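# Descriptive structure summary
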Amino acid sequence: MLWYKTLFFKSWVETRWRFLIGLALLICSAIGVVLTYPQVAKLLPLASSIRADGELGRRIREAAEIQRTYSGYVWSQWFRQDFPQMWTIFAVLLGTGSAISQTSGGGALFTLSMPVSRTRLLAVRAATGYAQLLLLAFVPSILIPLFSPAVGQTYSLLNALVYSALLFIGGEVFFTFAFFLQTEFTDIWRPMGIALSVAAVIGLSVSAFPEASRYSPVGVMVGEDWFREGHLPWRGLLICVAASALMLYGAARNIARHDF
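Please read these numbers as outputs of a predicted model, since none were measured by experiment.

### Points about the side chain of E172
- Tracing the sequence through the fold places E172 in helix α7 (residues 157-182).
- Despite its burial, E172 pairs with no opposite charge, the nearest such side chain being R125 at 18 Å.

### Here we look at the packing of helix α4 (residues 70-96) against α7
- The N-to-C vectors of α4 and α7 enclose an angle of 30 degrees; their axes lie 8 Å apart at closest approach. Regarding the angle of α4 to α7, the classification is roughly parallel. The handedness of the crossing between α4 and α7 comes out as right-handed. Here W75, F79, F83, P84, W87, T88, A91, V92, L94, G95 and T96 of α4 lie close against α7, whose contacting residues are A160, Y163, L167, F168, G171, E172, F174, F175, A178, F179 and Q182.
- Of the residues assigned to the contact of α4 with α7, the class counts are 16 nonpolar, 5 polar and 1 charged.

### Focus: the confidence of the model for the protein
- Considering every residue of the protein, the mean pLDDT works out to 83; 78% of them sit at 70 or more.
- Put simply, helix α5 (residues 106-112) is where the protein has its lowest mean pLDDT, 46, and α7 is where it has its highest, 95.
- Taken together, the stretch residues 102-110 has pLDDT below 50 and engages in 13 contacts with residues farther than four places along the chain or on a different chain.

The rules behind these values
- Residues numbered from 1 in each chain as written.
- Predicted model: local features only at pLDDT ≥ 70, side-chain atom pairs only at ≥ 80, totals over all residues.
- Heavy atoms only, no water.
- Helix = DSSP H or I, 4+ residues; strand = E, 2+ residues; numbered from the N terminus.
- Buried < 20%, exposed > 50% of the residue type's maximum accessible area, 1.4 Å probe, protein only.
- Lys, Arg positive; Asp, Glu negative; His and termini not counted.
- Salt bridge = Lys/Arg side-chain N within 4 Å of Asp/Glu carboxyl O.
- Axes fitted to C-alpha atoms, helices over the stretch in contact; angles between N-to-C directions.
- Parallel < 35°, antiparallel > 145°, perpendicular 65-115°, else oblique.
- Left-handed = near helix turned anticlockwise from the far one by under 90°.
- Contact = heavy atoms within 4.5 Å.
- Nonpolar A, V, L, I, M, F, W, Y, C, P; charged D, E, K, R; others polar.
- pLDDT = per-residue confidence, 0-100.

In structure tokens:
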């Protein structure tokens, strides 16, 4: 038990600043989205009156229509845009800081000298990352219902919890992808760059292929099915869970065969 406590503490120390900075930024952003609603509400009539033609005009009018209600505004500004983008960045940062890389530094050798298997060691690192991601997913969003009365509005706690759960399950794919890549490279920069690039490409594909987006991690994260139709994207959720499990298995296999 002492060894496990030591491993959890070591994992926390290695990633604590990434987690704490991410939590602080997400909390400030969530509160900012709530407090800026009165100013945005004043501008919505102007956006609705725009007569621009083409795709740009259509998108402007659609965005204005969605944000006519407070719940639509919160989903459009927070759960569809700011939150998934920022959360994904910190998921990748935690993934690249929570796995044992191929480096042969003293820290890695000390960790591997502990009387636990490499698989259990990796599981502790992954569990620490998942715990941090859970807090990053739920704490900022729960503040939205709490602060909404400050602008004369109310927001459903159930919706906040559902969107946070979708964000976590869909976004864990990027965490586990970075986690897996960290076992393939000897530095953190290549895994970080690759994981963020893949996340950006998937994010762009959501706009290009809207029908297929519900099966992608980003499509699951934004919770559009829940917002528009009130049901969960079960197939997308299962795909994300399966993909994450497969990458964790690959990371465990990599660690098992590495010669540190």
